[in-house]
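Residue strings, one per chain:
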Amino acid sequence: MTLNSSANTLEPRQARKGFEPFSFSKRLVLLLIVQTGIISLVAVISLLGLVLWNHIRRRRRFKFLRRPVDYFFFGLLASDIFRAIGHIMGIAWVAKAGIMPSASCTVEAALRHVGAVGEALFTLSIAVYTFLVIFLRWNIPNVRWLPLAVNGAIVVFLILMVSISVSIHRDPFFYGPAGLWCWVVAEYPGEKIGLEYGIFWFVALTNILLYVPLFLSLRKEARHGWANDNTQQRREGMTIARKMLVYPIAYIILILPMSVIRFIGFYNPEAVIPAAWQAIAGVTFGASGLINALLYIITRPRLLPSLRIGADDDNSEMVSFASGGIVETRALQPPEQGPRVVRHYGLDDDDEMQQAGSSS
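Residues numbered from 1 in each chain as written. Predicted model: local features only at pLDDT ≥ 70, side-chain atom pairs only at ≥ 80, totals over all residues. Heavy atoms only, no water.

### Here we look at the confidence of the model for the protein chain
Okay, step 1: Predicted confidence across the protein chain gives a mean pLDDT of 75, with 70% of residues reaching 70 or more.
Okay, step 2: Per-residue pLDDT stays below 50 along residues 1-15; that stretch engages in six contacts with residues further than four places along the chain or on separate chains.
Okay, step 3: Note that pLDDT drops below 50 for residues 303-360; the model gives that stretch 153 contacts with residues more than four away or on any other chain. (pLDDT = per-residue confidence, 0-100. Contact = heavy atoms within 4.5 Å.)

Now the structure itself:
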């Protein structure tokens, strides 16, 4: 009995039920993915901190949630946080040199799943809203209940997606080890496509179908008489038009490598994916929070105090941004004349803003 007890105590990790050992190269790839998750989480939290600081600094003169698209982008950032935490939880498998079914594995998989699908759905919301307002020029009321209803519907969908999937897929359990991390297990390929990758590519295709005509429309406006044929305004218009394409391009780049690897696995479960491919796919897929934060900073510098120019925020800068297509251009003008603002298609909800060229 003593010898048997000792043997059981010294039983290797590989003998644990469901334990899948990792080679050094796999652990290294997973460590890179974990680090990417940490960077993304820090980037998103730092961005939200800067926005909050700007709100405190400017008190009532600044509001983060001014338009419906701001609510959608806030949901996008929240999804980035869930997803980044899921990536970071992979550090446990690096330390254990392998992966196995467990409660933490289930939590990691659920966070990854909710974060990834949430990002896709909030990205879709931004694209559709942008297209309706700028391209079709719909006059959508700037009321809180509308974006809150959309965000609420997305949250309800995510909750039902996880709860129903877990409740009806018990043998084997819906979430578990799936390669280097925890996700939907291999026994449910249809659910993997229908509840994640199908959504990814539907959103990517919709982005292309909506943003390309939007880009062409804005470029046409910029080239033909935008702001009374003013050269500076045309240049700003072209900048905005180019920014329109950043969002769908960035989204496709983020999901493409991982999608390719997953579809190879779907059609050939015995295929061996090189570690370098897994590293590229995992790091790219996990960098969404970092990319979204950078895009937000680049396209919406108005919200970040560190990017403001001069002492008076309203009189001393030119800002062009297109966060999901919401376009605003502030033109330089002497303080005594007041701010001069170009509003494209009535998207700005600030009553004090005036059309370009009008006197105060």
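Further notes follow.
### What to know about a nonpolar patch on the surface
Okay, step 1: Together, Phe24, Leu28, Leu31, Leu32 and Ile91 make up an exposed nonpolar region whose accessible area comes to about 450 Å².
Okay, step 2: Examining the composition of the nonpolar patch, we find that four residues originate from one element, helix α2 (residues 24-58), more than from any other.
Okay, step 3: Within the element layout of this structure, Phe24 appears in helix α2. (Patch = residues over 30% accessible without salt bridge, like charges linked within 9 Å, V, L, I, M, F, W, Y side chains within 5 Å. Areas by Shrake-Rupley, 256 points an atom, 1.4 Å probe, with all protein chains shown as cover. Salt bridge = Lys/Arg side-chain N within 4 Å of Asp/Glu carboxyl O. Helix = DSSP H or I, 4+ residues; strand = E, 2+ residues; numbered from the N terminus.)

### Quick notes on the packing of helix α3 (residues 68-88) against helix α6 (residues 145-168)
Packed helices, taken two at a time, are described by the angle their axes make and the gap between the axes.
Okay, step 1: Where α3 meets α6, the closest approach of the two axes is 8 Å, and the angle between their N-to-C directions is 25 degrees. Judged by the inter-axis angle, α3 sits roughly parallel to α6. The hand of the α3/α6 crossing is right-handed. Between α3 and α6, the residues in contact are Pro68, Tyr71 and Phe72 and Pro147, Leu148, Val150 and Asn151, respectively. (Axes fitted to C-alpha atoms, helices over the stretch in contact; angles between N-to-C directions. Parallel < 35°, antiparallel > 145°, perpendicular 65-115°, else oblique. Left-handed = near helix turned anticlockwise from the far one by under 90°.)

### Focus on α3
Okay, step 1: A rise of 1.5 Å per residue sets the reference length of α3, with its 21 residues, at 30 Å; its end C-alpha atoms lie 31 Å apart and thus fit the reference within 8%.
Okay, step 2: Counting buried positions along α3 gives 15 out of 21 residues, so the element sits mostly inside the fold. (Expected span 1.5 Å × (residues − 1). Buried < 20%, exposed > 50% of the residue type's maximum accessible area, 1.4 Å probe, protein only.)

### A closer look at the state of the cysteines
Okay, step 1: Taken as a whole and judged by the stated rule, the model has one disulfide.
Okay, step 2: What pairs with Cys105 in a disulfide is Cys182, and their sulfur atoms sit 2.0 Å apart. Disulfide Cys105-Cys182: torsion about the S-S bond near -115 degrees, hence left-handed. Residue Cys105 is found in helix α5 (residues 103-135), and its partner Cys182 is found in strand β4 (residues 181-184); the two are separated by 77 residues along the sequence. Here the two residues Cys105 and Cys182 agree in accessibility, since each one is buried. (Disulfide = S-S within 2.5 Å.)

### A closer look at the packing of α3 against helix α10 (residues 288-299)
Okay, step 1: Relative orientation of the contacting elements α3 and α10 amounts to 150 degrees, with a least axis distance of 9 Å. Of the possible angle classes, the one that applies to α3 and α10 is roughly antiparallel. The handedness of the crossing between α3 and α10 comes out as left-handed. Seen from α3, the contacting residues are Phe73, Leu76, Asp80 and Arg83; seen from α10, they are Ser288, Gly289, Asn292 and Tyr296.

### Some details on the pattern of salt bridges
Okay, step 1: This structure, assessed with the given rule, holds two salt bridges.
Okay, step 2: Arg112 serves as the salt-bridge partner of Glu108, at 3.2 Å between the closest nitrogen and oxygen. One end of the pair, Glu108, and the other, Arg112, are both in helix α5, four residues apart, so they sit about a helical turn from each other.

### Quick look at the layout of surface pockets
Unoccupied space between atoms shows up once a probe the size of one water molecule is rolled over them.
Okay, step 1: The computed volume of the largest pocket comes to approximately 850 Å³.
Okay, step 2: Taken together, 32 residues make up the lining of the largest pocket; nearest its centre are Ala178, Gly179, Leu180, Arg262 and Pro269.
Okay, step 3: Breaking the lining of the largest pocket down by element, the ones donating at least two residues are β1 (20-21), α2, β3 (175-178), α7 (189-223), α8 (231-267) and α9 (275-286).
Okay, step 4: Among the elements that make up the lining of the largest pocket, the one with the highest residue count is α8 (five residues).
Okay, step 5: Of the residues that constitute the lining of the largest pocket, the class distribution is 20 nonpolar, six polar and six charged. (1 Å grid on protein atoms, 1.4 Å probe; cavity = no way out; pocket = protein on both sides within 12 Å on 5 of 7 lines; lining within 4 Å. Points joined across faces, edges and corners; volume = space filled by probe spheres on them. Nonpolar A, V, L, I, M, F, W, Y, C, P; charged D, E, K, R; others polar.)

### Regarding the pairing of β3
Okay, step 1: Pairing between β3 and β4: four bridges, direction antiparallel. In the strand pairing of β4, Tyr175 is matched with Val184.
Okay, step 2: Counted between consecutive antiparallel strands, the loop separating β3 from β4 contains two residues, among which Gly179 sits at a positive phi close to 85 degrees. (Pairing = 2+ DSSP bridges.)

### Observations concerning empty space enclosed by the protein
Okay, step 1: Applying the stated criterion across every chain, the model contains three cavities of 30 Å³ or more.
Okay, step 2: What the largest cavity holds in volume is close to 180 Å³.
Okay, step 3: As for the largest cavity, its lining consists of 16 residues, and the residues nearest its centre are Leu76, Thr123, Tyr247, Tyr251 and Asn292.
Okay, step 4: Counting residues per element, the lining of the largest cavity draws most heavily on α8, which supplies five residues.
Okay, step 5: Classifying every residue of the lining of the largest cavity by side-chain character gives 10 nonpolar, four polar and two charged.
Okay, step 6: Counted as a void, the second largest cavity has a volume near 90 Å³.
Okay, step 7: Around the second largest cavity sit Arg83, His87, Arg112, Ala116, Trp181, Trp183, Glu196, Tyr197, Met258, Arg262 and Phe285, which together line it.
Okay, step 8: Only α3, α5, β4, α7 and α8 provide two or more residues apiece to the lining of the second largest cavity.

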